[in-house]
Amino acid sequence: MRLKHFFVLLAVGIILLAGVALFSTFRSHPTLFYVTEGFVVVLLFYLWYFYRKTIRPYDTLIGGIELVRELDLTTRLAPSGQHETDIIVRTFNDLLNRLRTFLNLLIEASPMGVIQCDLDGNITSMNPAAREMLSASVEEAIYALPLGETTTVRLPGEPQLFRISHQSFPDRGYQHPFFLIESLTSEVRLAEKAAYERVIRMIAHEVNNSVAGIIGSLTGDKAERLTALSAFVTRFAEVVKIPQPHLSEEVDACRPFLENLCTQANVKIDFNLTDEAIPVHLDTVLFQQVLINIVKNAVESIGERLKVGNSTSEMNEGQVTVTTSIPSKLVITDNGHGIPSSAFLLH
């Protein structure tokens, strides 16, 4: 039972006792009757004041807790008129405002598309990810999806796959619909890649077993051709076992060569690499060649600048910095001359 109900029962009990006391003193003690009647009036006024200053603010705070429990972050508590309680009310409303602002920032930065609608189902807002994912097919699926359901949509003629969920959130006592759009393209590609790897390894295993049983009974060119076929299938199977390259690991693999390249030119090189593995899609050999060429160009640019300087201190100012960051960013900076702006003009 809530505190409000206990208070009501207490007030009713006091009023009944006062009524019995008034009835018993009505005839026998007239003076005592008027005194008791005045006491009852004062008591009723005090009960009303106590309810206004204690029970009603308490109900206000309980109502705020119920709003949070129902995830309604738009409704705000009204001041109760009681100083101590209003401090809590203002703090509570400020906390909800900050939380809503934080959630809006999360929605704007989320890689998942979020589309909000009004009570009639019309789109009112969407985050940047939703704008990129929204197409005619996706929009058609959105309007056809019932509340609480989830579906997947593949764009016609493209390998893009999206999962769409239709949910709702409470706002001023009403359930406002919204949609979540999640791209499944990368997950599907990884699953397809894993399936292809399993098929290729299985085929290679079966081919090699069959060739091993036949090659012993053949001689000459036929045996050599089967041996070559077995070697080709084995190398083909080994290709799919190559792990996915990681950006920081590929840069770190070139560290000794890059450090030696910079040391010979009296240039300092720093590496700021992330500890977290950053998967990338690249040819490792070509990537290392590009990385080495960029650092080599940076060293040469610094060398040109140092030739202009006259003091010995300037000879120690050569600096190259290699930095990796999430999601898959590689930045190489140096303090050389750089490329003149005239080089970008068309003649």
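Residues numbered from 1 in each chain as written. Predicted model: local features only at pLDDT ≥ 70, side-chain atom pairs only at ≥ 80, totals over all residues. Heavy atoms only, no water.

K.L.:
How should the overall build of the chain be read in this particular structure?
P.N.:
On a plain count of helices and strands, the chain comes out with 10 helices and eight strands. Per-residue burial over the chain gives 27% buried out of 347 residues. Within the chain, contacts between residues at least 6 apart in sequence are counted, and of these 51% link residues at least 24 apart. Of the roughly 23400 Å² of accessible surface on the chain, a fraction of 61% belongs to carbon and sulfur atoms. (Helix = DSSP H or I, 4+ residues; strand = E, 2+ residues; numbered from the N terminus. Buried < 20%, exposed > 50% of the residue type's maximum accessible area, 1.4 Å probe, protein only. Contact = heavy atoms within 4.5 Å. Areas by Shrake-Rupley, 256 points an atom, 1.4 Å probe, with all protein chains shown as cover.)

K.L.:
So what exactly am I meant to see when it comes to the nonpolar core here?
P.N.:
Most often, soluble globular proteins keep nonpolar side chains buried together rather than apart. Leu258, Ile269, Leu291 and Val295 are the most contacted members of the largest nonpolar core, which totals 19 residues. At the level of secondary structure, the elements contributing two or more residues to this core comprise α8 (247-253), α9 (255-264), β6 (268-272), α10 (284-308) and β7 (319-325). Ranked by the residues each element gives to this core, the list is headed by α10, at six residues. Of all hydrophobic cores here, the second largest spans 16 residues; its members include Ile115, Met133, Val153 and Leu155. (Core = buried A, V, L, I, M, F, W, Y, C linked by side-chain atoms within 4.5 Å.)

K.L.:
In this structure, what is going on with the packing of aromatic side chains? I would like to understand it.
P.N.:
Ring pairs (aromatic) are described by centroid distance and by the angle formed between their planes. If you walk through the whole model with that rule in mind, you get zero aromatic pairs. The ring of Phe271 carries Arg255 above its face, with NZ or CZ at 4.4 Å from the centroid. (Phe/Tyr/Trp six-rings, centres within 6.5 Å; stacked < 30°, edge-to-face > 60°. Lys NZ or Arg CZ within 6 Å of the ring centre and 35° of its normal.)

K.L.:
What should I look at first to understand the sheet that holds β6 in this one?
P.N.:
The strands making up a sheet associate through hydrogen bonds between their backbones, and the pairing can be parallel or antiparallel. Spatially, three strands are ordered β6-β7-β8 in an open sheet, and the strand pairing comes out mixed. With partners counted over all chains shown, the strands left at the sheet margins are β6 and β8 (329-334), one partner each. Along the sheet, successive strands turn relative to each other by an average axial angle of 10 degrees, direction set aside. Where β6 meets β7, five bridges bridge the pair, whose relative direction is parallel. If you follow Asn272 over to β7, its bridge partner there is Thr323. (Pairing = 2+ DSSP bridges. Axes fitted to C-alpha atoms, helices over the stretch in contact; angles between N-to-C directions.)

K.L.:
Just to check I follow, could you spell out a nonpolar patch on the surface for this structure?
P.N.:
A cluster of nonpolar side chains, namely Leu99, Phe102, Leu103 and Leu106, defines an oily patch on the protein surface of about 340 Å² accessible area. Taking the relative accessible area as the measure of exposure, Leu103 reaches 31% and is therefore partly exposed. (Patch = residues over 30% accessible without salt bridge, like charges linked within 9 Å, V, L, I, M, F, W, Y side chains within 5 Å. Salt bridge = Lys/Arg side-chain N within 4 Å of Asp/Glu carboxyl O.)

K.L.:
Whenever I open this one, the pattern of salt bridges confuses me. Can you help?
P.N.:
Applying the stated criterion to the full structure yields five salt bridges. For Glu259, the salt bridge is made with Arg255, and the minimal N-O distance between the two is 3.9 Å. A residue pair is termed a helical-turn pair when its members lie 3 or 4 positions apart in one helix, as Glu259 and Arg255 do in helix α9 at four residues. For Arg255, a relative accessible area of 26% translates into the label partly exposed. Between Glu300 and Lys296 there is a salt bridge, with the nearest N and O atoms lying 2.7 Å from each other. Taken together, the residues Glu300 and Lys296, both in helix α10 and four residues apart, mark about one turn of the helix. Note on Glu300: relative accessible area 41%, which makes it partly exposed. Linked through salt bridges whose partners overlap, the residues forming this network are Asp252, Arg255 and Glu259.

K.L.:
Looking at this model, I keep getting lost on the side chain of Asn127. Mind explaining?
P.N.:
Inspection of the secondary structure puts Asn127 in the loop between β2 (123-126) and α4 (128-133). On the basis of relative accessibility, which here comes to 0%, the residue Asn127 falls in the buried class. Reaching out from Asn127, the side chain makes a polar contact with the backbone nitrogen of Val114 at a distance of 2.9 Å. (Polar contact = N/O pair within 3.5 Å; in protein donor to acceptor, adjacent residues only side chain to side chain.)

Purely geometric stuff here, so don't read any function into it on its own.
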